[in-house]
Amino acid sequence: MLRFVGKRLWNGSLTLFALVTLTFFVMRLAPGGPFSRNRKISPEVQANIEAAFHLDEPIWQQFGRFVWGLLHLDLGPSTRFRDYSVGDIIASGLPYSLTIGAWAVLVATLVGIALGIAGAMRRNGFTDYAAGTVGVIGIAIPIFVIGPVLQVVFAVQLHWLPVGGWNDGWRSLVLPVVVLALPNIAYISRLTRASMIETMRENYVRTAVAKGIGPTRTLIGHTLEGALIPVIAYLGPATAAIITGSILIETVFALPGIGRHFVDAALNRDYPLVMGITLLYGALLILFNIVTDLLRAWIDPRLRHAR
Amino acid sequence: MPAETDPLIEAAPARHASTLELQFHRFRKNRLAMLSVWILALIVVACFLGPFLFPFTGQDADFDNIAAPVDLFSAHPFGTDDFGRDLLVRVLEGGRVSLTIGFLGAVVAGVIGVFYGAVSGFVGGRVDGLMMRLVEILFGFPYVILVILLSLLFGGGNVALFAAIVFTLWLTPAVVVRAQAQGLARKEFVEAARAGGMTGRHIVLEHIVPNSLSVVIVYGSLLVPEVILSESFLSFLGIGIKEPQASWGNLIQTGTTAMATDLRLLLLPGTLLAVVLFCLNFIADGLAEAFDPNDR
């Protein structure tokens with residue numbers, strides 16, 4: 001067990017290092033730099049600014065400097081936001097992104113599993129079709145179309161919820177969470193439905209039914225436990241989907257999270273900020289993939305022995 | 001090449017074609033999927049031929065009709081935008097870009113994935129380990145970040161976007177085909193081909209790739225909506241296709257800025273994108289069902 005976690009962490013840190021290296025060099029190779037703007041500044045000033053951020057050094061030296069800083073948990077100063085370090089910016093944006101992401105995962109898991117079970121229990125019934133329709137909508141209509149449409153309906157027309165921002169307490173959370181959760185509800189309900197139907201045919205479920213322990217206990221204690229394994233495996237990809245989604249959500253709903261910061265930083269060539277957020281996203285993704293594997297092994301003993 | 005191998009090569013495709021025929025027959029009986037095919041075909045034709053029916057292009061400004069409303073019987077059926085450009089023509093031209101990138105991207109990513117996976121699965125051993133290690137590392141990357149960075153690297157525009165999307169989307173077909181190739185490499189007919197003196201390159205091309213085709217079609221059909229989504233996603237964020245060139249992503253973006261006063265700028269491209277994605281998903285579902293009836 002411990003060896004497994006250690007191996008995954010080691011592999012994960014290798015992946016992270018590859019990601020950081022690639023990002024570093026791709027950023028430097030991309031045309032333009034953090035201080036090449038339309039506004040003309042004298043060459044001396046330009047040289048001074050670049051020297052202050054060590055951009056005049058050879059690229060290998062810059063990379064070494066970055067890795068050295070990383071080992072000291074120092075991501076450096078932002079080239080765009082004066083007097084702010086990358087750490088400060090991430091610390092200020094992360095609470096927004098995490099709040100929305102966590103709520104979206106919670107809502108998506110609960111609603112998705114509920115819809116999936118409902119669909120599987122009453123196959124081809126009304127609930128099944130309704131859940132299927134929600135699923136198709138969630139998968140086919142992109143976030144950046146659904147988001148604005150819901151904004152128009154619930155904010156501009158009905159005035160129930162704010163259009164965007166973070167000033168109305170829980171009410172400003174509703175639309176972003178719903179929109180971010182929707183594609184994941186779709187995937188989770190489809191997965192749950194398919195694996196429920198498969199599990200209901202298993203011998204141990206039939207045994208449970210034959211023993212006469214009642215439909216509710218069979219469902220919770222037997223069918224659901226087996227059926228949820230593929231759903232748990234989706235947790236890893238779901239993290240990636242939430243990251244992608246949060247970048248869009250924060251743009252659509254004008255939230256000051258790190259997703260929007262990332263896009264702006266990439267467009268402005270704010271090298272240190274891009275590196276910092278890439279590192280954070282990569283680490284989150286790897287961490288959740290490991291947690292997913294551990295959860296699967298915990299629930300499904302067959303996987304434990306296979307390793 | 002010895003003469004004995006010739007019947008072998010000819011026999012394999014003949015049997016394969018009949019399975020394929022059967023599968024497409026099954027697909028044709030799926031009403032929802034066939035309806036999607038027709039709607040999609042209609043949209044494709046409209047996007048590629050429609051703009052020629054108008055005397056102006058999507059970049060020509062009509063200064064007499066700025067921000068004209070919907071009027072189906074005027075020169076601008078769906079009105080114009082703030083610059084006096086015809087909305088319908090812009091949406092159709094945007095669709096041309098999105099659809100081209102979608103289909104070409106899926107084909108190229110699919111082809112790269114198929115050959116990578118086929119070689120990796122067929123050769124096996126240390127080569128396979130190394131090749132899959134690379135895939136694993138790339139899979140661990142947050143996909144959006146990679147696409148955003150790569151399209152910056154290539155300097156923006158159509159080709160950059162295309163390259164960035166293909167670079168990130170060939171992984172899934174590679175893994176799927178590798179699993180298929182591993183199974184095929186142990187089959188008797190592959191062993192027979194090897195005994196008959198076929199080289200590894202030939203076996204991959206003549207046996208492994210054709211026999212993985214049905215899996216590839218199913219996964220490839222899922223790639224198309226994914227590529228289209230990635231394109232519009234990037235253009236929406238202002239990283240992909242930029243004004244004045246139209247794409248569904250940047251048209252939707254323009255629409256969201258004006259949505260409080262004028263919904264049609266958002267709804268026309270948004271609806272069209274959603275319909276295309278619906279169709280592509282139904283087609284992919286239909287293909288999956290037709291190629292693997294035991295799945296449901």
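Remember, it's a predicted structure, so these values are computed and weren't measured experimentally.

Rules used in this analysis
- Residues numbered from 1 in each chain as written.
- Chains lettered and ligands numbered in written order.
- Predicted model: local features only at pLDDT ≥ 70, side-chain atom pairs only at ≥ 80, totals over all residues.
- Heavy atoms only, no water.
- Helix = DSSP H or I, 4+ residues; strand = E, 2+ residues; numbered from the N terminus.
- Buried < 20%, exposed > 50% of the residue type's maximum accessible area, 1.4 Å probe, protein only.
- Contact = heavy atoms within 4.5 Å.
- Areas by Shrake-Rupley, 256 points an atom, 1.4 Å probe, with all protein chains shown as cover.
- Lys, Arg positive; Asp, Glu negative; His and termini not counted.
- Charge placed at Lys NZ, Arg CZ, Asp CG, Glu CD.
- Polar contact = N/O pair within 3.5 Å; in protein donor to acceptor, adjacent residues only side chain to side chain.
- Phe/Tyr/Trp six-rings, centres within 6.5 Å; stacked < 30°, edge-to-face > 60°.
- Buried area = accessible area lost by both parts, 1.4 Å probe.
- Salt bridge = Lys/Arg side-chain N within 4 Å of Asp/Glu carboxyl O.

> Describe the overall build of chain A, listing the residues and the values that go with them.
Summing up its helical and strand segments, chain A has 13 helices and zero strands in all. Along chain A, helices and strands appear, N-terminal first, in the series α-α-α-α-α-α-α-α-α-α-α-α-α. Expressed as lengths along the three principal axes of its C-alpha atoms, the size of chain A is roughly 85 × 55 × 30 Å. Taken across its 307 residues, chain A has 46% of its residues classed as buried. A separation of at least 24 residues holds for 74% of the contacts in chain A among residues at least 6 apart in sequence. With the model as given, the accessible surface of chain A reaches about 16,100 Å², and the carbon-plus-sulfur share is 66%. Side chains of chain A carry 25 positive and 17 negative charges; the gap between the two charge centres is 12 Å.

> Account for the overall build of chain B, with residues named and values stated.
Along chain B, the regular secondary structure elements total 12 helices and zero strands. Along chain B, from the amino end to the carboxyl end, the secondary structure elements read α-α-α-α-α-α-α-α-α-α-α-α. With 296 residues in all, chain B has 50% of them scored as buried. Within chain B, residue pairs in contact and separated by at least 24 positions form 70% of the contacts whose partners lie at least 6 positions apart.

> With reference to specific residues and values, describe the side chain of T223 of chain A.
Among the structural elements, T223 of chain A can be located in helix α9 (residues 215-233). When residues no more than four places from it in sequence are discounted, the contact partners of T223 of chain A are M196, T199, M200, V205 and T218 of chain A.

> Please give an account of the side chain of T199 of chain A that cites residues and values.
Residue and element names in this part refer to chain A. For T199, the position within the fold is in helix α7 (residues 171-200). Of the polar contacts made by the side chain of T199, one reaches the backbone oxygen of S195; its length is 2.4 Å. Not counting residues within four places of it along the chain, the set of residues in contact with T199 comprises Y204, V205, T223, G226 and A227.

> Tell me about the packing of aromatic side chains, residues and numbers included.
In this structure the tally under the stated criterion is 10 aromatic pairs over all chains. In textbook terms, an aromatic cluster arises when at least three aromatic residues are bridged by ring pairs, as seen for F17, F24, F25, W60 and F63 of chain A.

> Report on the interface of chain A and chain B, specifying residues and quantitative values.
Frequently, the measure chosen for interface size is the accessible area that the parts lose on association. Facing the 44 residues of chain A at the interface are 35 residues of chain B. Here chain A meets chain B over a buried area of about 3,300 Å², counting both sides, of which 83% is carbon and sulfur. Considering only the side of chain A, the residues that lose the most area to chain B are V26, A140 and F144 of chain A, jointly responsible for 15% of the buried surface there. Summed over the shared surface of chain A and chain B, the number is zero salt bridges. When residues of the side of chain A that touches chain B are traced back to their parent elements, those giving at least two are α1 (2-29), α5 (126-140), α6 (143-157), α10 (235-252), α11 (258-268) and α12 (271-299) of chain A. A per-element tally of the side of chain A that touches chain B places α1 of chain A first, with 10 residues.

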